[in-house]
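# Working through the structure, step by step
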Amino acid sequence: MAKREEAVNMTEQFAEFKELKDIDKGTLISVLEESFRSVLSKMFGNDDNFDVIVNPDKGDCEIYQNLEVVEDGEVENPNKQISLSDARADDDPDCEVGEEHTRKIDFAKFGRRAILNLRQTLASKILDLQKDAIYNKFKAIEGQLVAGEVYQVWKREVLLLDEDKNELLLPKEEQIPTDIYRKGDIVRAVIERVDNTNNNPKVIVSRTSQDFLRRLFEQEVPEIHDGLIVIRAVARIPGERAKIAVESYDDRIDPVGACVGVKGARIHGIVRELRNENIDVINYTNNPQLLIQRALSPAKISSIRLDNENMHAEVFLRPEEVSLAIGKGGLNIKLASILTGYSIDVYRDVETETEEDIYLDEFKDEIDEWIIEAVKNIGLDTAKSVLRTPREQIIDKADLEEDTVDNLLAVLRAEFED
């Protein structure tokens, strides 16, 4: 009766294994066979002469032992050999000495110890498979957005459970400073990394990474999700402020307008998710001077001097624009540096303190608008900034003819001579 109950329990163990997710049938069969062979090897010294046939769909396993038929009284190893009379009595009346006799093994008859050994081996291998499945699943989606329910809040981290009850860890350093978590809350984050020390996978999620902001925009802005708009650069100081540079592959789409949405509808949802983190969206450009100019918005720049080799920029502004460029607590200039990849130093434009400068847009009556735009696109917004820039640099960077640049300089000089 006891063996009968053990056999039932063994079948239940198969059933439990069969229900595991993310484990393919081939792996299932392989591991079950390996578990049986491991136990057989311990019992008989080795498993070389055993055939193990696993049927996970039915929840059973057939075991056959292959024995060499020898003369009666000459059996030296009963695990490898069988006497002729025993083989013929074992439903093989026509067998002869030297042939192979195969007999079916009832594993349940090996007793309680063997059954328990099998179940422990299976449980260990099942646990390893589950760990491998979790690691592979989340490793493949690092950087992607996930949602989890707050299960427990500790001082240094928060434990989340996703819809499949997998554990996600949100460390303190990956939390937005103003975040408050309560048990049962649904929290969104990105998978920052998956650690697997000692085959014990830990899924670390983050709400402070740049990828989190990227994924939120992909979710809220269909044009980004569809690839019509591309996020070129992201800079964040979590919970405070962020800048994001976007570019459109379709000239008919305004990338900044699409990201902000009608009356800010799209960006407001992202701002709320980030605990009122202010987000500046700017148009990306390959022109570093113009990109720096846009990144330092809302400040208006007089001129920029670039050292591309060392990725350094010297930015000159009117005195009243300097504080705007730096921003509260230095956030604006810090984010601009992260976004553009340039270290940025800001200087007061001394000339403008003694003599007033004039924005190029004021010269539209005397200079063609396309020329003004070409010059502005290389980071020169004012007359003084153009006059301070070498003539050859304007010709090269703005891609203008020499006569056009000479005429431009003449008009600007005449303004100040008057």
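Shown above is the structure to which this text applies.
Basis of the calculations
Residues numbered from 1 in each chain as written. Predicted model: local features only at pLDDT ≥ 70, side-chain atom pairs only at ≥ 80, totals over all residues. Heavy atoms only, no water. Helix = DSSP H or I, 4+ residues; strand = E, 2+ residues; numbered from the N terminus. Buried < 20%, exposed > 50% of the residue type's maximum accessible area, 1.4 Å probe, protein only. Pairing = 2+ DSSP bridges. Axes fitted to C-alpha atoms, helices over the stretch in contact; angles between N-to-C directions. Left-handed = near helix turned anticlockwise from the far one by under 90°. Contact = heavy atoms within 4.5 Å. Nonpolar A, V, L, I, M, F, W, Y, C, P; charged D, E, K, R; others polar.

### Focus: unusual backbone geometry
- Omega for the peptide link from Ser297 to Pro298 comes to 15°, which places this bond in the cis form.
- Relative to the elements of secondary structure, Pro298 occurs in the loop between helix H9 (288-295) and strand S13 (301-307).
- With phi around 65°, Lys165 is a residue other than glycine that occupies positive phi space.

### With respect to the pairing of strand S14 (residues 312-317)
- In terms of burial, S14 is largely enclosed, as five of its six residues are buried.
- Bridge analysis of S13 against S14 gives six bridges, and the strand direction is antiparallel. Considered in S14, the bridge of Leu306 is made with Ala313.
- Once S13 ends, the chain turns through four residues before running back antiparallel as S14, passing Met311 with a positive phi of about 50°.
- Relative to strand S15 (residues 343-348), S14 is paired through six bridges, and the arrangement is parallel. When the sheet's bridge partners are listed, Ala313 is paired in S15 with Ile344.

### Thoughts on the packing of helix H5 (residues 210-220) against helix H8 (residues 265-273)
- Where H5 contacts H8, the axes come no closer than 10 Å and their chain directions differ by 145°. As for the relative orientation of H5 and H8, their crossing is right-handed in sense. Between H5 and H8, the contacting residues are Phe212, Leu213, Leu216, Phe217 and Glu220 on the first element and Arg266, Ile267, Ile270 and Glu273 on the second.
- Of the residues assigned to the contact of H5 with H8, the class counts are six nonpolar, no polar and three charged.

### Focus on the sheet that holds S14
- Taken together, three strands build an open sheet; the order of strands is S13-S14-S15 and the sheet is mixed. Looking at the sheet topology across the chains shown, the edges are occupied by S13 and S15. On average, each strand axis in the sheet is inclined to that of its neighbour by 20°, with strand direction left out of account.
- Here H9 sits on the sheet and contacts S13, S14 and S15; the angle it forms with S13, its principal contact strand, is near 130°.

These values are about where atoms sit, not about what they do.
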